[in-house]
Amino acid sequence: MLGTDRLRAVCHCSAEREFEDPVELWEWLLGHPAGHVPAPAPVPPRELAAV
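Owing to the predicted nature of the structure, the values given are computational and were not obtained by experimental measurement.

(A) Region of interest: the nonpolar core. Within the largest apolar cluster, 5 residues are counted, these being Ala 9, Cys 11, Phe 19, Leu 25 and Trp 28. Setting aside chain neighbours within four positions, we find Leu 25 in contact with Leu 7, Arg 8, Ala 9 and Phe 19.

(B) Spotlight on the pairing of strand E1 (residues 7-10). Where E1 meets strand E2 (residues 16-19), 4 bridges bridge the pair, whose relative direction is antiparallel. From the neighbouring strand, Arg 8 faces E2, where its bridge partner is Glu 18. Following E1, the chain reverses through 5 residues before pairing antiparallel with E2; Ser 14 in that reversal takes a positive phi of roughly 80°.

(C) Layout of the pattern of salt bridges. If you walk through the whole model with that rule in mind, you get 3 salt bridges. Residue Arg 6 is joined to Glu 20 by a salt bridge in which the shortest nitrogen-to-oxygen separation is 3.0 Å. Here Arg 6, found in the segment before E1, pairs with Glu 20, found in the loop between E2 and helix H1 (22-31); they are 14 residues apart in sequence, far enough to count as distant. Taking relative accessible area as the criterion, Arg 6 reaches 42% and is therefore assigned partly exposed. In this structure Glu 20 comes out as exposed when scored by relative accessible area, which is 54%. One salt bridge in this structure joins Glu 16 and Arg 8, with 3.1 Å as the shortest N-O distance. Within this structure, Arg 6, Glu 18 and Glu 20 form a network of salt bridges that share partners.

How each quantity is defined
- Residues numbered from 1 in each chain as written.
- Predicted model: local features only at pLDDT ≥ 70, side-chain atom pairs only at ≥ 80, totals over all residues.
- Heavy atoms only, no water.
- Core = buried A, V, L, I, M, F, W, Y, C linked by side-chain atoms within 4.5 Å.
- Buried < 20%, exposed > 50% of the residue type's maximum accessible area, 1.4 Å probe, protein only.
- Contact = heavy atoms within 4.5 Å.
- Pairing = 2+ DSSP bridges.
- Helix = DSSP H or I, 4+ residues; strand = E, 2+ residues; numbered from the N terminus.
- Salt bridge = Lys/Arg side-chain N within 4 Å of Asp/Glu carboxyl O.

Right, here's the structure in full:
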């Protein structure tokens, strides 16, 4: 159905936002990184010792 597509933008800092208009999506993505750094990499889970 026309006008029902939702576009999801995900920044390198893990911020997410949904848009209907791809132009607004790109404006947000290109303007969003100003003033912040990427989120730290997730810490891998520790393996349990075999018993």
